[in-house]
Amino acid sequence: METLLIVLGLYVLSSKIIPIWEAVKVIFLVRGGVLSKKYPAQNEKSARPWALITGCTAGIGEQITHRLAKEGYNLVLVSRSIQKLEQLRDELSPDIEKKIIQADLCSQATDLHTYQRIAYEVSNLDLAIVINNAGVIYNGYYKDILSAHIREQALVNTYPYLLLTRALLPQLLKRKVQTAIVNLASSASFIPGPYSAQYHCSKAFDRFFSEALASELDGSHIQVTTVCPMYVQTKMISNMKPSWRNGVTSSEEYVEKLFQVLSSGTRVKLFVGPTFHSMETCVNKILMNMVSWYRPTYVMIEKFRKGFIDSEPKN
Ligand SMILES: NC(=O)c1ccc[n+]([C@@H]2O[C@H](COP(=O)([O-])OP(=O)(O)OC[C@H]3O[C@@H](n4cnc5c(N)ncnc54)[C@H](OP(=O)(O)O)[C@@H]3O)[C@@H](O)[C@H]2O)c1
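Analysis parameters
Residues numbered from 1 in each chain as written. Predicted model: local features only at pLDDT ≥ 70, side-chain atom pairs only at ≥ 80, totals over all residues. UniProt positions renumbered as here; feature names shortened; annotations may be inferred. Core = buried A, V, L, I, M, F, W, Y, C linked by C-beta atoms within 7 Å. Buried ≥ 20, exposed ≤ 12 C-beta atoms within 10 Å, placed from the backbone. Contact = placed C-beta atoms within 7 Å. Pairing = 2+ DSSP bridges. Helix = DSSP H or I, 4+ residues; strand = E, 2+ residues; numbered from the N terminus. Near = placed C-beta within 6 Å. Nonpolar A, V, L, I, M, F, W, Y, C, P; charged D, E, K, R; others polar. Expected span 1.5 Å × (residues − 1). Bend = angle between axes of the 7 residues up to and from the residue. Right-handed = clockwise from strand over helix to strand, strands pointing away.

Listed in UniProt under the heading Sequence similarities (unreviewed entry), the comment for the chain reads: "Belongs to the short-chain dehydrogenases/reductases (SDR) family."

Below you can see the structure in the form of structure tokens.
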């Protein structure tokens with residue numbers, strides 16, 4: 001009986017310590033380095049390494065794209081709108097090479113040919129970083145959300161993560177130097193979320209996939225990082241202004257910290273966000289482990305999401 005109680009006590013304690021340790025690591029221990037030194041070109045003398053990013057034409061993805069260009073990566077830009085892709089390509093530094101691939105990750109989400117086509121188009125590039133980022137959200141009472149939107153959210157937020165990664169893995173495995181796969185999940189993955197039920201479960205899907213893949217590839221030259229933002233100022237959250245009160249971070253600040261983490265020598269498998277983000281999610285995770293405190297976390301989500309529902313046009 002005593003042993004059982006000790007094991008139970010250790011389990012409860014570790015469920016508190018692990019989230020706190022993750023937050024402490026990101027807040028205090030991570031020291032950014034040079035990304036292209038950590039994820040370099042195969043051959044030091046060869047051209048720049050390449051990075052591929054989906055959903056690069058807005059929000060976090062667009063910010064990451066500009067940052068990757070600044071770090072000297074050649075870029076494969078994947079998104080649905082050819083006009084936006086061309087505009088983004090023209091904005092980026094002429095010093096790097098760019099390749100644009102138009103793919104609607106909703107209508108073509110389950111079409112294997114889409115991923116084979118992308119893999120074929122990048123097959124002779126030295127791909128060092130792959131970022132699965134494209135995503136959509138539809139908030140509201142589930143009964144009011146259009147079936148077409150439910151379908152879109154299910155497709156864009158799940159299949160491309162699985163199938164693009166699968167299509168590119170053989171090429172990534174052939175590299176002999178450090179390589180990164182970065183998956184944009186969400187802090188929504190930690191809790192079922194009323195008024196955005198399906199989004200939360202699609203992001204739990206992404207996080208589970210990403211964390212499991214990270215374990216499978218442990219010990220190889222491929223590092224998988226799961227990214228779980230809370231609220232980042234983009235069109236996805238109606239461009240709400242950053243403030244510590246609403247927990248919103250600007251996309252610049254968010255991506256700055258993400259790049260510190262990616263380029264750091266300290267291994268962070270799951271990145272939540274800058275200081276405030278990390279602390280908030282750490283508290284949430286701890287609260288979730290205390291059943292009696294569960295309700296306040298829901299109340300917080302309800303309050304936030306209801307704000308969106310009221311501000312969004314009705315279907
Ligand atoms: N912002 C947040 O607070 C937050 C929080 C947690 C997690 N996340 C996650 O972070 C990722 C990026 O979010 P974000 O806020 O930057 O979103 P965003 O500003 O709405 O941008 C989403 C990007 O995905 C692209 N996209 C959407 N549907 C697509 C489709 N069918 N095919 C191809 N591309 C498509 C968009 O293209 P267009 O330019 O054509 O629209 C855009 O480039 C998502 O996976 C999201 O779930 C965001």
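Some thoughts on the nonpolar core
Formed by 58 residues in total, the largest nonpolar core has its most connected members in Ala-51, Leu-52 and Ile-129. Residue contacts for Leu-52: discarding those within four places in its chain leaves Val-76, Val-78, Val-122, Leu-127, Val-130 and Ile-131.

Here's the deal with the sheet that holds strand E6 (residues 222–227)
Overall, parallel pairing links the seven strands, which are arranged E3-E2-E1-E4-E5-E6-E9 in an open sheet. Looking at strand neighbours, the two that pair on one side only are strand E3 (98–102) and strand E9 (270–271), the edges of this open sheet. Where strand E5 (residues 179–184) meets E6, six bridges bridge the pair, whose relative direction is parallel. In the sheet register, Leu-184 faces E6, and the bridge partner there is Val-227.

Let's talk about the site of the ligand
The local shell around the ligand holds 28 residues, among which Gly-55, Gly-59, Gly-135, Thr-234 and Met-236 are the closest. Of all the elements in the fold, those that place two or more residues in the shell around the ligand are helix H3 (59–70) and strand E7 (231–232). With three residues, the top contributor of residues to the shell around the ligand is H3. In terms of residue class, the shell around the ligand is made up of 14 nonpolar, ten polar and four charged.

Describing unusual backbone geometry
In the Ramachandran plot, Ser-238 falls in the positive-phi region, its phi being about 55° despite a non-glycine side chain. Position of Ser-238 relative to the elements: it lies in the loop between E7 and strand E8 (248–249). Even without glycine at this site, Asn-239 takes up a positive phi of about 50°. Looking at Asn-239, the number of C-beta atoms within 10 Å reads 11, which means it is exposed.

Re helix H7 (residues 159–174)
In this model, H7 (16 residues) spans 24 Å end to end at C-alpha, consistent with the 22 Å of a helix rising 1.5 Å per residue. At Leu-168, H7 shows its maximal bend, which comes to roughly 45°, and the proline Pro-170 appears one to four places after that position. Of all the residues in H7, the buried ones are Pro-160, Tyr-161, Leu-163, Leu-164 and Leu-168. Contacts made by the buried residues of H7 are with strand E1 (50–54), helix H5 (112–121), strand E4 (127–132), helix H6 (147–156), E5 and helix H8 (197–216).

With respect to the pairing of E5
E5 sits mainly inside the fold: six of its six residues count as buried. Of the two faces of E5, both are covered, the one formed by Thr-179, Ile-181 and Asn-183 as well as the one formed by Ala-180, Val-182 and Leu-184. Both E4 and E5 contribute to a ladder of four bridges, which runs parallel. If you follow Ile-131 over to E5, its bridge partner there is Val-182. Between the parallel pair E5 and E6, the chain is carried across by H8, and the sense of this crossover is right-handed.

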